[in-house]
Amino acid sequence: MVIAEDVRKTYSSSDGRSHLALAGVTAEIDRGNVLVIFGPSGSGKSTFLRTLNALETIDSGRIVVDGVSLTDPKADLNKLRAEVGMVFQLFNLFQHRTALDNVMLPQMVVRRRPRAEALRRSHELLEKVGIGDRASHYPSQLSGGQQQRVAIARALAMDPKVMLFDEPTSALDPETVKGILDLMKVLACEGMTMAVVTHEMGFAREIADRMLFMENGLIVEEGTPQQIFDAPRQERTKAFLEQIL
Ligand code: ADP
């Protein structure tokens, strides 16, 4: 479903210096699989995820999502972004819109769904993510966990082929984390193709098909959860896991 080949990305800062955030990343996500990406802060995890739905341009390399090359100048990036849903650490909801509107409006604008259909689908999705009774609440009236549920419903409303999660639980209270992870497990079990940046290692062990350990813009190690947790090949992976587990 997703192929990334030798992806390089440099950021230039205002003082003219450039910083290599991705130094040649090659990875694949099979249809229906869950890829967990972990590694120290600044290693390029978020940048990599953002390149997969063209939120970041790349300097070189190739990214193909369901047969469509993002680097093809003819690629319809708006269509592609609708097909690759993204869930952020800080939810990124429209603050002045209700939960219902947050899920409904993108369907009407991006997917051009008639209002009645978008409304029906929004209620369905808010039920699915467990906050059917909060449809008329504004984000400020919702807990972090509830806001993240709205954000997940909003992404699902586009009928994405792939869902990207960028540290979706790291801004949440410990007691709400499990609810969001459980919801993500449901999506995984339903066959959603997913890439998840997270340090929730219990979740990774249970749900990931593959795991990537990144450092300094490179993949240090890749494997199944069993390989990564029980027999990491790289000393660096071992040391990092010892720190966080
Ligand atoms: P991670 O998600 O692993 O913490 P990021 O992908 O956010 O890492 O960042 C990788 C590197 O790129 C870091 O050194 C970070 O400071 C830098 N970086 C990220 N975003 C930007 C940006 N918009 N402008 C400049 N540098 C950035």
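Residues numbered from 1 in each chain as written. Predicted model: local features only at pLDDT ≥ 70, side-chain atom pairs only at ≥ 80, totals over all residues. Heavy atoms only, no water.

Residues in contact with the ligand, as listed here, are Y11, H19, A21, P40, S41, G42, S43, G44, K45, S46 and T47. Between the ligand and G44 there is a distance of 3.0 Å, counted from an oxygen atom to a backbone nitrogen or oxygen. S46 is positioned such that a nitrogen or oxygen atom in its backbone is 2.8 Å from an oxygen atom of the ligand. When the ligand sits alone it has 560 Å² of accessible area, and the protein chains cover 61% of it. (Near = heavy atom within 4 Å. Polar contact = N/O pair within 3.5 Å; in protein donor to acceptor, adjacent residues only side chain to side chain. Areas by Shrake-Rupley, 256 points an atom, 1.4 Å probe, with all protein chains shown as cover.)

What follows deals with the side chain of K9. As for its position among the elements, K9 is in strand β1 (residues 2–12). On the accessibility criterion, K9 (7% relative accessible area) is buried. Within the structure, K9 has its side chain in polar contact with the backbone oxygen of T57 (distance 3.1 Å). Once residues lying within four places of it in the same chain are set aside, the contact partners of K9 are H19, L20, A21, L22, T47, E56, T57, I58 and D59. (Helix = DSSP H or I, 4+ residues; strand = E, 2+ residues; numbered from the N terminus. Buried < 20%, exposed > 50% of the residue type's maximum accessible area, 1.4 Å probe, protein only. Contact = heavy atoms within 4.5 Å.)

Moving on: the sheet that holds β1. With antiparallel pairing, the four strands of this open sheet are ordered in space as β2-β1-β4-β5. The sheet terminates laterally at β2 (18–29) and β5 (68–69), the two strands that pair on one side only. Pairing geometry for β1 and strand β4 (residues 60–65), over five bridges, is antiparallel. Along β4, the bridge assignment pairs A4 with I63. (Pairing = 2+ DSSP bridges.)

Once that is clear, we can look at the sheet that holds strand β6 (residues 84–87). Taken in spatial order, the six strands make up an open sheet running β6-β7-β8-β3-β9-β10, and their pairing is mixed. Either end of the sheet is taken by a strand with one partner, and the two such strands are β6 and β10 (218–223). Within this sheet the neighbouring strands show an average axis-to-axis angle of 20 degrees, counted without direction. Seen against the sheet, helix α9 (residues 235–244) touches β3 (34–38), β9 (210–215) and β10 and runs at an angle of roughly 95 degrees to β9. (Axes fitted to C-alpha atoms, helices over the stretch in contact; angles between N-to-C directions.)

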